[in-house]
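Architecture and fold: a report
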Protein chains: 4
Amino acid sequence: MKKVGIVGANGYTGSELVRLLAFHPMIELSFLYSRSNSGTKISDLYPDLATVCEMTLTDKPSQVEILFLCLPHKESQNWLSQNTVGDETLVIDLGNDFRLDGSFQNRNFIYGLPEINKKNLSGVKSIANPGCFATAIQLALLPLAEKGLLNEVYTTGITGSTGAGQSLQSTTHFTWRNDNISAYKTLTHQHVDEVLQQLNSFNDKKVGLNFIPWRGDFTRGIFTSSTVKSDLELSDIEQLYRDFYEEAPFVKVNERAIDLKQVVNTNRCVIHIEKNDNVVVIHSAIDNLLKGASGQAVQNMNIAMGWKENLGLDLKPVGF
Amino acid sequence: MKKVGIVGANGYTGSELVRLLAFHPMIELSFLYSRSNSGTKISDLYPDLATVCEMTLTDKPSQVEILFLCLPHKESQNWLSQNTVGDETLVIDLGNDFRLDGSFQNRNFIYGLPEINKKNLSGVKSIANPGCFATAIQLALLPLAEKGLLNEVYTTGITGSTGAGQSLQSTTHFTWRNDNISAYKTLTHQHVDEVLQQLNSFNDKKVGLNFIPWRGDFTRGIFTSSTVKSDLELSDIEQLYRDFYEEAPFVKVNERAIDLKQVVNTNRCVIHIEKNDNVVVIHSAIDNLLKGASGQAVQNMNIAMGWKENLGLDLKPVGF
Amino acid sequence: MKKVGIVGANGYTGSELVRLLAFHPMIELSFLYSRSNSGTKISDLYPDLATVCEMTLTDKPSQVEILFLCLPHKESQNWLSQNTVGDETLVIDLGNDFRLDGSFQNRNFIYGLPEINKKNLSGVKSIANPGCFATAIQLALLPLAEKGLLNEVYTTGITGSTGAGQSLQSTTHFTWRNDNISAYKTLTHQHVDEVLQQLNSFNDKKVGLNFIPWRGDFTRGIFTSSTVKSDLELSDIEQLYRDFYEEAPFVKVNERAIDLKQVVNTNRCVIHIEKNDNVVVIHSAIDNLLKGASGQAVQNMNIAMGWKENLGLDLKPVGF
Amino acid sequence: MKKVGIVGANGYTGSELVRLLAFHPMIELSFLYSRSNSGTKISDLYPDLATVCEMTLTDKPSQVEILFLCLPHKESQNWLSQNTVGDETLVIDLGNDFRLDGSFQNRNFIYGLPEINKKNLSGVKSIANPGCFATAIQLALLPLAEKGLLNEVYTTGITGSTGAGQSLQSTTHFTWRNDNISAYKTLTHQHVDEVLQQLNSFNDKKVGLNFIPWRGDFTRGIFTSSTVKSDLELSDIEQLYRDFYEEAPFVKVNERAIDLKQVVNTNRCVIHIEKNDNVVVIHSAIDNLLKGASGQAVQNMNIAMGWKENLGLDLKPVGF
């Protein structure tokens, strides 16, 4: 049993890690760190955790073998600067501090998208967990990018309200958001750079991404549709995708139409491809808190530790 | 055309009054008062009001012939104390300051439930608009109360999120409220006294009300089910209700099952009665912002001013 | 008062017409035609219509001055072939039978998008009412198309469940659709041809449209985002749109972000434009049953009859 | 590993059993029986089951050690009459055929509410799984009933759409049900008898139950509030409940307010008690498909087989 600490356990991704790790067979939770909620039971913040985890949040971290950082963007660096973390501790950062540039202190954070980086993640001590939209978009595009078949991409994606975190804002107010759709950060979402860095890593070809994120009127999940041009046959494209994801236990290329609910409360990504003339549309869906955040973090932990990739991630889908 | 002012126009019930009064044929809006949002266009706060009302909120009220107070509870008294309102001005208070005791300054606020008070409201200058739950529950019970047939009542009611106003709270956060149900103010809701005052006004019989309010995962509407004991035949009870509401243009006693959507975006109340052995259940549904607040306020204005009761209230239902 | 008949009054768009026309000052409803529900009160099918319209559906149409056809696609032609309609009767078809080719019998259906065709609609006797997605997409693109500034367009749109009509299908089952998102008719939606016919009518430039429709988890509304390339300044584009819609009472070009709820239960379309580098995104939102169907049909009727364009269409927004 | 068969695996509760049993450490699925969908992969009906279970539905059952019947009411008897089931097979019926009278063929079905019957369930071969509402209501009332402290009960409960099964009906149509609330089977719900049989089993006291079920606009979950009279102190009642549920791993008596989401996708029941004067309100919440159906069935299986009660039921809550 490895000792695990979660920094920022009071947030959505932090609490989702607790939901996962409470049942993980190889770890034990050592501390749940929160400055603002220190002294509060995690199950008082998230009552669904009653009987799952009865730990109290603390602002006194201890030495652990695995450390998850679930902090607002830019605060992971601060936390690592202000706290002592042993060199042998596996640090998995769920923020975006180390995704574009992984060098920090004497650590080198590896981009934790197992579907392209599984070999590089084995045994490492520092992992930058991808963003939620970045995961859904990359999984939809990687097989084409790897073959140099990608040029300009037009993507629309919709995200559940948990993507906005627990802060109270006008756009997370129920009265506003229920039955509502809106766009935000049009063409300028912070995940675009992260996606392009990976898509353009395969060859010289310059991939462009026009990404329009929408806010959805549901809590969990991301659904994206990406439009690209290609002269390949649909069946060849599908084969390309099946080959690419042959070793990926959590990615499923579906011949039939997909929908968001197929993945809610699972660590999976489902993909469906359609084609008309030379226009290809790739749809993808994930649970933003699982494959888009905490589930993928556990998957990365499993790989880094040499455990089975799906350990603790065989989750009952919510289904309905 | 009568001049109208709305105090607290920046809130939900205030903005809903704007939605109604912008199309009312007998009035013109003179000012929309808000201290906190003075200088802001109402359509910047509520963009659905663009092209409906382009007025700017002000903290300088002017003299008007009709004044609506849409303030948090207890602040109507303060506002009337600090501002000069002409004796001839019709004041309609949507808060609960004058519902139980209507005497204030030289005014005597009449309880504005037209279904029991229509005659008393004609020509008056001060009206206390009923609460939303209070309206739905009273309309479900009044015909039995008037005949002295009511003893102990067990009521459960569910309300949309607009009932909680626009403030950001954990219980109005989309992530929490979506697909969720919860109880609040069990047996102690502030509308109970208001309901009992009316129900017990008809005769000596002491009516009791055990009321459990629930928060619903929708924005508009109130649905209630009240259980009472009675030896009357169902058909007699239905006839009692139909007689009682014969002159009430906005109350419909329905022989078929009712549901919340039948009244959303209308000023109506629908009622359905069922009976098994000697147990009677009366269901009622209203739109909490209309018949439960701003719509009823306009109805009261129409009656007080001697206009047709449904003027400006023939609203297209949302239906779906 | 003009006599009006509605064929297919038992469907969603037909019943929505009833909601609108019941309060329209210039018309009276003569008959509500339905073969399958003949003999049933419309308010038994749509209980929100109780007190709004107490008519009974019939399969015996009478002569009227204005006739609305709210039939499944391809059935308008059948109905007109099997029933006698006077030459002087204004026929407004809400289906897609006459949108691409308006010649039928001795009639010539004019495409009823008032924002481009207002002059041509005045006094006509035959109007083909546009599709819902077609309306939202065209209003987002017309100002650029008219100037020949449009090339390839990438559009994603999301529609409420009322767009799928009242038939019970797996994709309209609440358990499936709630909190769910899915794509359908990717790149092949039937409205694409209708949109392109208009966009390409202005000049020789060949506009292409890659359109991905999504099913949303709400009942009313359409939200679209269209991505195009342009070297114009954003302010110039906005000015272009404001100029184009100067005479359009129901279209509003908004400088601030828009959302779906701004238009629910109104006949309006709101538009918001954003730009990054040479990429322009135009967002638009309408209520699919109003500006996307029955509201626009009333607008077209008003124009054809020489009445004020917004007669009967000053609707209280639902707002929340 | 025990061989398990599921009859009616194509329905909601049947598929939910698959979701649970696919990960249960002591069983292996032998067959999924469905007459109407024989030959179809279960994951084609429920795509969330892809990668979870790739079995194909069959109409040829084989001999198993544990058999779950997930059939419409009254069809369990038919199925058992028409198929041969070994005497040693544990049969768990999720319908209501054997809840009131457990005698059938040479079997004697034990009522499978572990919180009152755990000892009686150990080693048995026939279990009648309780109804969903019946579970939520009984768990809210049993501690008082056992002490003879219960007289007349007034309960309102609200259920998610999965309670109505997968059939397409007007009341499960998204357009109707979204944002809607309605009552059904007022005072006559089929679970009332089942509840009263248990509540009145403790002593001579005659308990009455006035139960109003509501349809909710969410998919999973049941929330109930029951009002009773009592002269006990609140703290004594809470203690009574804590004592009663001391050995119940899935029931939690909560001092703080509960809400539906605390239990979605878990096998738990949460209870909260409030009191005002001599009126006591007990709130309870469960997931109707888990503690209200398939989860409880697995719990019963575990008990009957002598396994740990929570085996395969430590589920990640959906939380949001």
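On a predicted model such as this, the values are computed, not experimentally measured, just so you know.

Examining the overall build of chain A
- Helix and strand counts for chain A stand at 9 helices and 15 strands.
- The globule rule puts the C-alpha radius of gyration for 320 residues at 20 Å, and the 19 Å found for chain A is close to it.
- Seen through its C-alpha atoms, chain A measures out along the principal axes to roughly 60 × 45 × 35 Å.
- In chain A, which comprises 320 residues, the share counted as buried stands at 66%.
- Nonlocal contacts in chain A, meaning residues at least 24 apart in sequence, comprise 71% of its contacts between residues at least 6 apart.
- Accessible surface, chain A as shown: approximately 10700 Å² in total, 44% of it carbon and sulfur.
- Within chain A, the 35 negative side-chain charges are centred at a point lying 3 Å from the centre of the 29 positive side-chain charges.

Digging into the interface of chain A and chain C
- Every contact between the two is made by 36 residues of chain A and, on the other side, 36 residues of chain C.
- Of all residues in chain A, the largest losses of buried area upon contact with chain C belong to Y154, W214 and K261 of chain A, amounting jointly to 18% of the total for that side.
- A salt bridge links K229 of chain C to E152 of chain A; its shortest N-O distance comes to 2.9 Å.
- On inspection of chain A and its partner chain C, the count reaches 25 residue pairs in polar contact (both at pLDDT 80 or more).
- Sorting the residues of the side of chain A that touches chain C by element identifies strand 9 (152-159), helix 6 (174-177), strand 10 (182-183), strand 11 (208-215), strand 12 (222-229), strand 14 (269-276) and strand 15 (279-286) of chain A as the ones contributing at least two each.
- Its residues assigned to classes, the side of chain A that touches chain C comprises 15 nonpolar, 14 polar and 7 charged.

Remarks on the relation of the copies chain B and chain D
- You can overlay chain B on chain D at an RMSD of 0.0 Å; the transform is a turn of 180° with a shift of 0.0 Å along its axis. Each copy turns onto its partner about a two-fold axis.

Observations regarding the nonpolar core
All names here are of chain B.
- Membership of the largest hydrophobic core comes to 41 residues, with the highest contact counts inside it found for I6, L17, L21, L29, L32, F68 and M301.
- Contributions of two or more residues to this core are made by strand 1 (2-7), helix 1 (12-21), strand 2 (27-33), strand 3 (66-69), strand 4 (90-93) and helix 9 (294-305).
- If we skip the residues at most four places from it in the chain, L21 touches V4, I6, I27, L29, F68, V298 and M301.

Brief notes about the interface of chain B and chain D
- Each partner contributes to the interface: chain B provides 36 residues, whereas chain D provides 36 residues.
- Surface buried jointly by chain B and chain D totals about 3200 Å² across both partners, of which 63% is contributed by carbon and sulfur atoms.
- The three residues of chain B that bury the most area against chain D are Y154, W214 and K261 of chain B, which together make up 18% of that side's buried surface.
- Across the chain B-chain D interface, the total number found is 2 salt bridges.
- Scanning the region where chain B abuts chain D turns up 25 residue pairs in polar contact (both at pLDDT 80 or more).

Some words on the pairing of strand 4 (residues 90-93) of chain A
Residue and element names in this part refer to chain A.
- Burial along strand 4 is two-sided: the residues L90 and I92 and V91 and D93 are all buried.
- In terms of handedness, the path from strand 3 (residues 66-69) via helix 3 (residues 75-82) over to strand 4 forms a crossover that is right-handed.
- Relative to strand 8 (residues 126-128), strand 4 runs parallel, the two sharing 3 bridges. Looking at strand 8, one finds that I92 is bridged to I127.

Considerations on the sheet that holds strand 1 (residues 2-7) of chain D
- Read across the open sheet, the 6 strands follow the order 2-1-3-4-8-7 (chain D); overall the sheet is parallel. Edge positions in the sheet fall to strand 2 (27-33) and strand 7 (110-111) of chain D, since each of these pairs with one other strand and no more.

A few points about the packing of aromatic side chains
- On inspection of all chains with the given rule, the structure shows 41 aromatic pairs over all chains.
- With centroids separated by 4.5 Å and ring planes inclined at 50°, the aromatic side chains of Y12 of chain A and F320 of chain D adopt a geometry described as tilted. One end of the pair, Y12 of chain A, is in helix 1 (residues 12-21); the other, F320 of chain D, is in the segment after helix 9 (290-305), on a second chain. F320 of chain D carries the same exposure label as Y12 of chain A, and that label is buried.
- Pairwise contacts between aromatic rings join W214 and F223 of chain A together with W214 and F223 of chain C into one cluster.

Examining the sheet that holds strand 4 of chain A
Residue and element names in this part refer to chain A.
- Pairing within the open sheet is parallel, and its 6 strands lie in the order 2-1-3-4-8-7. The open sheet has two free edges, formed respectively by strand 2 (27-33) and strand 7 (110-111), since each of these has just one partner strand.
- In this sheet, strand 8 lies alongside strand 7 in parallel orientation, the contact comprising 2 bridges. By the bridge assignment for strand 8, I110 is matched with I127.
- Against the sheet, helix 9 (residues 294-305) makes contact with strand 1 (2-7), strand 2, strand 3, strand 4 and strand 8, and its axis sits at roughly 155° relative to strand 4, the strand it touches most.

A short note on the UniProt feature "active site" (unreviewed entry) in chain A
Residue and element names in this part refer to chain A.
- Feature annotation in UniProt places "active site" (unreviewed entry) on C132, given in this structure's numbering.
- By the secondary structure assignment, C132 is in helix 5 (residues 132-146).
- When residues no more than four places from it in sequence are discounted, the contact partners of C132 are H191, I222, I286, N288 and G292.

Thoughts on the pairing of strand 3 of chain A
Residue and element names in this part refer to chain A.
- Side chains of strand 3 alternate between two faces, with I66 and F68 and L67 and L69 buried alike.
- Pairing analysis gives 4 bridges linking strand 1 to strand 3, with the strands arranged parallel. Looking at the pairing, V7 lines up with L69 of strand 3.
- Sheet analysis places strand 3 next to strand 4, joined by 4 bridges and oriented parallel. If you follow L69 over to strand 4, its bridge partner there is D93.

Side note on unusual backbone geometry
- Residue K74 of chain B is not a glycine yet carries a positive backbone phi of 85°.
- Mapped onto the fold, K74 of chain B is located in the loop between strand 3 and helix 3 (75-82).
- In the Ramachandran plot, D179 of chain C falls in the positive-phi region, its phi being about 65° despite a non-glycine side chain.
- Here D179 of chain C shows up in the loop between helix 6 (174-177) and strand 10 (182-183).

Description of the UniProt feature "domain: Semialdehyde dehydrogenase NAD-binding" (unreviewed entry) in chain A
- In the numbering used here, UniProt assigns the feature "domain: Semialdehyde dehydrogenase NAD-binding" (unreviewed entry) to residues 3-124 of chain A.
- A helix fraction of 25% and a strand fraction of 21% characterise residues 3-124 of chain A, whose end C-alpha atoms lie 17 Å from each other.

A closer look at helix 4 (residues 114-121) of chain B
Residue and element names in this part refer to chain B.
- Residues of helix 4 that are buried: P114, E115, N117 and L121. Projection of helix 4 onto a plane perpendicular to its axis shows the buried side chains occupying an angular sector of 135°, all on one side.
- On its buried side, helix 4 packs onto strand 7 (110-111), strand 8 (126-128), helix 5 (132-146), helix 8 (234-244), strand 13 (251-253) and helix 9.
- Looking at the residues trailing helix 4, positive phi occurs at G123, about 80°.

Regarding the packing of helix 1 (residues 12-21) of chain C against helix 9 (residues 290-305) of chain C
Residues and elements named next belong to chain C.
- Their axes nearest at 10 Å, the elements helix 1 and helix 9 cross at an angle of 50°. By the angle between their axes, helix 1 is oblique relative to helix 9. Of the two possible hands of crossing, helix 1 and helix 9 adopt the one that is right-handed. On helix 9, the residues touching T13, E16, L17, L20 and L21 of helix 1 are L290, A293, S294, G295, V298 and M301.
- By residue class, the composition of the contact of helix 1 with helix 9 is 7 nonpolar, 3 polar and 1 charged.

Considerations on the pattern of salt bridges
- Summed over the entire model, instances satisfying the criterion amount to 55 salt bridges over all chains.
- Notably, a salt bridge pairs E54 of chain B with K41 of chain B, separated by 2.8 Å at the nearest N-O pair. One end of the pair, E54 of chain B, is in the loop between helix 2 (42-45) and strand 3; the other, K41 of chain B, is in the loop between strand 2 and helix 2, and 13 residues separate them in sequence.
- For E16 of chain D, the salt bridge is made with R19 of chain D, and the minimal N-O distance between the two is 2.9 Å. Residue E16 of chain D and its partner R19 of chain D are both found in helix 1 (residues 12-21); the two are separated by 3 residues, about one turn of the helix.
- Counted as one network, the salt bridges with shared partners bring together E16, R19, D48, R220 and D287 of chain A together with K316 of chain D.

So, the packing of helix 5 (residues 132-146) of chain C against helix 8 (residues 234-244) of chain C
All names here are of chain C.
- Interhelical geometry of helix 5 versus helix 8 gives an angle of 100° and a closest axis separation of 9 Å. Here helix 5 is positioned roughly perpendicular relative to helix 8, judged by the angle of their axes. Contacts from L139, A140, L141, L142, P143, L144 and E146 of helix 5 reach helix 8 at I237, L240, Y241 and F244.
- Taken together, the residues of the contact of helix 5 with helix 8 break down into 10 nonpolar, no polar and 1 charged.

Definitions and limits used
- Residues numbered from 1 in each chain as written.
- Chains lettered and ligands numbered in written order.
- Predicted model: local features only at pLDDT ≥ 70, side-chain atom pairs only at ≥ 80, totals over all residues.
- Heavy atoms only, no water.
- Helix = DSSP H or I, 4+ residues; strand = E, 2+ residues; numbered from the N terminus.
- Rg over C-alpha atoms; globule rule 2.2 N^0.38 Å.
- Buried < 20%, exposed > 50% of the residue type's maximum accessible area, 1.4 Å probe, protein only.
- Contact = heavy atoms within 4.5 Å.
- Areas by Shrake-Rupley, 256 points an atom, 1.4 Å probe, with all protein chains shown as cover.
- Lys, Arg positive; Asp, Glu negative; His and termini not counted.
- Charge placed at Lys NZ, Arg CZ, Asp CG, Glu CD.
- Buried area = accessible area lost by both parts, 1.4 Å probe.
- Salt bridge = Lys/Arg side-chain N within 4 Å of Asp/Glu carboxyl O.
- Polar contact = N/O pair within 3.5 Å; in protein donor to acceptor, adjacent residues only side chain to side chain.
- Nonpolar A, V, L, I, M, F, W, Y, C, P; charged D, E, K, R; others polar.
- Least-squares fit on C-alpha atoms with pLDDT ≥ 70 in both.
- Core = buried A, V, L, I, M, F, W, Y, C linked by side-chain atoms within 4.5 Å.
- Right-handed = clockwise from strand over helix to strand, strands pointing away.
- Pairing = 2+ DSSP bridges.
- Phe/Tyr/Trp six-rings, centres within 6.5 Å; stacked < 30°, edge-to-face > 60°.
- Axes fitted to C-alpha atoms, helices over the stretch in contact; angles between N-to-C directions.
- UniProt positions renumbered as here; feature names shortened; annotations may be inferred.
- Arc of directions from axis to C-beta.
- Parallel < 35°, antiparallel > 145°, perpendicular 65-115°, else oblique.
- Left-handed = near helix turned anticlockwise from the far one by under 90°.

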